[in-house]
Amino acid sequence: MLMAATVGSVAQAPAPAPPAQPSPATVEEGRKIFASYGCYQCHGYEGQGGAAGPRIAPRPLPYAGLSRYVRRPAGQMPPYTEKILADAHLQKIYAYLQTRPAPKPVDSIPLLSK
Ligand code: HEC
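Residues numbered from 1 in each chain as written. Predicted model: local features only at pLDDT ≥ 70, side-chain atom pairs only at ≥ 80, totals over all residues. Heavy atoms only, no water.

**Some details on helix 2 (residues 24-36)**
Over its 13 residues, helix 2 extends 18 Å from the first C-alpha to the last, a length consistent with the 18 Å expected when each residue adds 1.5 Å. Of all the residues in helix 2, the buried ones are Val27, Gly30, Ile33 and Phe34. Axial view of helix 2: buried residues confined to an arc of 120°, hence all on one face. Along helix 2, the residues that are exposed and aim more than 90 degrees away from the buried face are Pro24, Lys32 and Ser36. Where helix 2 is buried, its residues touch helix 3 (39-43) and helix 5 (87-98). (Helix = DSSP H or I, 4+ residues; strand = E, 2+ residues; numbered from the N terminus. Expected span 1.5 Å × (residues − 1). Buried < 20%, exposed > 50% of the residue type's maximum accessible area, 1.4 Å probe, protein only. Arc of directions from axis to C-beta. Contact = heavy atoms within 4.5 Å.)

What follows is the structure in structure tokens.
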């Protein structure tokens, strides 16, 4: 089992990392792909995390690690192989996750700022 996982990850050519500053069009495409592939169902529309999945944005894992995880998750998450979700689409999802705004600081909530 461990052997298979090791061999598989060595055989897989790492996909190139997407640009650090994606265009707004790419981010918008990423938003749609994130929704249509069901990521939002567990991770929330903003990748903020939900009942079924952890927070994955803003500040997602580095692309190589994220891609490795999505292809071969270790826990509850279903695997998304390259056949199901092409690298080009995963890169756009990444562009979307990377550009989510950070949550507002707690003291911007009046009730909590006292
Ligand atoms: C059925 C629920 C579900 C769906 C759908 C899902 N995930 Fe996940 N995801 C999880 C869970 C649960 C984890 C926590 C680890 C585990 O149990 O696998 C996780 C973990 C992750 C992680 C690792 C986070 C970390 O910090 O280690 C990434 C990245 C991720 N998911 C991305 C995605 C993307 C991108 C999609 C859509 C292509 C997606 N997930 C779809 C449930 C889901």
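So that's the structure; there's more coming.
**Concerning the site of the ligand**
The ligand sits among 18 residues. The nearest are Cys39, Cys42, His43, Tyr69 and Met77. At 3.4 Å, a backbone N or O of Gly75 approaches an oxygen atom of the ligand. In the model, an oxygen atom of the ligand is placed 3.0 Å from a nitrogen or oxygen of the Met77 main chain. Elements that contribute at least two residues to the shell around the ligand include exactly helix 3 and helix 4 (63-71). Class assignment of the residues belonging to the shell around the ligand gives a composition of 14 nonpolar, four polar and no charged. (Near = heavy atom within 4 Å. Polar contact = N/O pair within 3.5 Å; in protein donor to acceptor, adjacent residues only side chain to side chain. Nonpolar A, V, L, I, M, F, W, Y, C, P; charged D, E, K, R; others polar.)

**Observations regarding the pattern of salt bridges**
Counting across every chain of the model gives six salt bridges. Here Glu82 and Arg71 are joined by a salt bridge, their closest N and O atoms 3.2 Å apart. Remark: Arg71 occurs in helix 4 and Glu82 occurs in the loop between helix 4 and helix 5; sequence separation between them is eleven residues. (Salt bridge = Lys/Arg side-chain N within 4 Å of Asp/Glu carboxyl O.)

**Description of the environment of Pro16**
Among the secondary structure elements, Pro16 is positioned in the loop between helix 1 (2-11) and helix 2. Distance in space between the C-alpha atoms of Pro16 and Ala88 is 9.6 Å, their sequence separation being 72 residues. In this structure Pro16 touches Tyr63 and Gln91, once residues within four positions along its chain are discounted.

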